[in-house]
Amino acid sequence: MSTSTDILNLDDVKLLVNDFYGKVRDNTLLAPIFNGVIGDNWPVHLEKMYGFWQTLLLNTPAYSGSPFLKHAKLPIAAEHFDTWIRLFNETVDTHFTGAKADEAKWRAARMSEMFQYKLDYYKNNPAKPLI
Ligand code: HEM
């Protein structure tokens with residue numbers, strides 16, 4: 001019998017976020033990019049990401065910001081997003097099943113697509129400064 005439950009509370013969000021960024025920090029493609037920006041500020045980043053996912057999945061207003069701008073100048077392309085999504089989906093599936101788990105994967109995929117469209121757009125329209 002499966003013991004998986006859905007993402008129901010802040011402890012679940014923390015488990016998801018902690019485990020996911022643990023995988024990111026072990027990934028040879030993504031780790032250098034994150035570490036280059038975040039350095040030894042991981043606790044701050046993790047707190048922010050608890051708030052982000054809490055806001056999306058638990059309808060608790062704990063994050064406000066403009067995520068895309070933080071990614072606009074990172075050296076990232078499709079392979080980075082594919083890896084990010086693979087690790088994120090793996091993490092969700094390891095711990096959770098249900099509507100919120102599905103929503104988490106759906107939202108991550110939509111954000112990833114949106115980031116990539118915007119990155120491509122600004123790459124192809126350098127006359128329009130982004131930030
Ligand atoms: C190639 C994939 C990705 C990489 C390498 C990446 C990297 C980063 C880095 C380095 C930061 C810290 C930025 C800073 O503090 O200046 C950050 C912040 C953030 N990322 Fe990503 N990210 C990726 C994909 C995503 C996706 C798909 C999502 C959404 C589901 C996301 C959501 C966020 C959010 C909400 C923040 C916090 C922004 C803020 O400071 O308000 N990221 N990311």
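Residues numbered from 1 in each chain as written. Predicted model: local features only at pLDDT ≥ 70, side-chain atom pairs only at ≥ 80, totals over all residues. Heavy atoms only, no water.

- The name an unreviewed UniProt entry assigns to the protein chain is Group III truncated hemoglobin, from the organism Pedobacter albus.

### Points about the side chain of His 80
Part 1: In this fold, His 80 is placed in helix α5 (residues 78-95).
Part 2: For His 80, the contacting residues outside a window of four places in its chain are Leu 29, Leu 30, Ile 33 and Pro 75. (Helix = DSSP H or I, 4+ residues; strand = E, 2+ residues; numbered from the N terminus. Contact = heavy atoms within 4.5 Å.)

### So, the pattern of salt bridges
Part 1: Scanning all chains against the criterion turns up six salt bridges.
Part 2: Between Glu 103 and Lys 100 there is a salt bridge, and its shortest N-O distance comes to 3.9 Å. A residue pair is termed a helical-turn pair when its members lie 3 or 4 positions apart in one helix, as Glu 103 and Lys 100 do in helix α6 (residues 99-124) at three residues.
Part 3: The class for Glu 103 is partly exposed, based on a relative accessible area of 23%.
Part 4: The residue Glu 113 makes a salt bridge to Arg 110 at a minimum N-O spacing of 2.8 Å. Taken together, the positions of Glu 113 and Arg 110, both in helix α6 and three residues apart, correspond to about one turn of that helix.
Part 5: Owing to a relative accessible area of 36%, Glu 113 belongs among the partly exposed residues under this scheme.
Part 6: The structure contains a network of salt bridges with shared partners spanning Lys 23, Arg 86 and Glu 90. (Salt bridge = Lys/Arg side-chain N within 4 Å of Asp/Glu carboxyl O. Buried < 20%, exposed > 50% of the residue type's maximum accessible area, 1.4 Å probe, protein only.)

### A short note on the packing of aromatic side chains
Part 1: The tally for this structure, following the rule as stated, stands at 14 aromatic pairs.
Part 2: Centroid distance Tyr 21 to Trp 42: 5.8 Å. Interplanar angle 55 degrees. Geometry classified as tilted. Of this pair, Tyr 21 sits in helix α1 (residues 10-26) while Trp 42 is found in helix α3 (residues 42-58), placing the two residues 21 residues apart along the sequence. When sorted by exposure, Tyr 21 lands in the same class as Trp 42, which is buried.
Part 3: A ring pair is formed by Trp 84 and Phe 88, whose centres lie 5.2 Å apart and whose planes are at 20 degrees; its orientation type is stacked. A residue pair is termed a helical-turn pair when its members lie 3 or 4 positions apart in one helix, as Trp 84 and Phe 88 do in helix α5 at four residues. Just as Trp 84 is buried, Phe 88 falls in that class too.
Part 4: Ring pairs connect the aromatic residues Phe 20, Tyr 21, Phe 34, Trp 42, Phe 52, Trp 53, Tyr 63, Trp 84 and Phe 88, which therefore count as one cluster. (Phe/Tyr/Trp six-rings, centres within 6.5 Å; stacked < 30°, edge-to-face > 60°.)

### Brief notes about the nonpolar core
Part 1: With 27 residues, the main nonpolar core has Ile 7, Val 17, Tyr 21, Phe 34, Trp 53, Trp 84 and Phe 88 as its most contacted residues.
Part 2: Counting residues per element, the ones that place at least two in this core are α1, α2 (31-38), α3, α5 and α6.
Part 3: When residues of this core are assigned to their parent elements, the largest contribution, eight residues, is made by α3.
Part 4: Setting aside residues no more than four positions away along its own chain, Trp 53 makes contact with Val 13, Val 17, Leu 58, Trp 84, Phe 88, Ala 104, Arg 107 and Ala 108.
Part 5: Listed in part, the seven residues of the second largest apolar core include Ile 33, Ile 76, Phe 81 and Phe 115. (Core = buried A, V, L, I, M, F, W, Y, C linked by side-chain atoms within 4.5 Å.)

### Points about the coordination of the iron atom of the ligand
Part 1: Within the protein, just one atom coordinates the iron atom of the ligand: His 71 (NE2), at a distance of 2.0 Å.
Part 2: Turning to its location among the elements, His 71 is positioned in helix α4 (residues 67-71). (Donors = N, O, S within 2.8 Å, 3.2 Å for Na, K, Ca; no water.)

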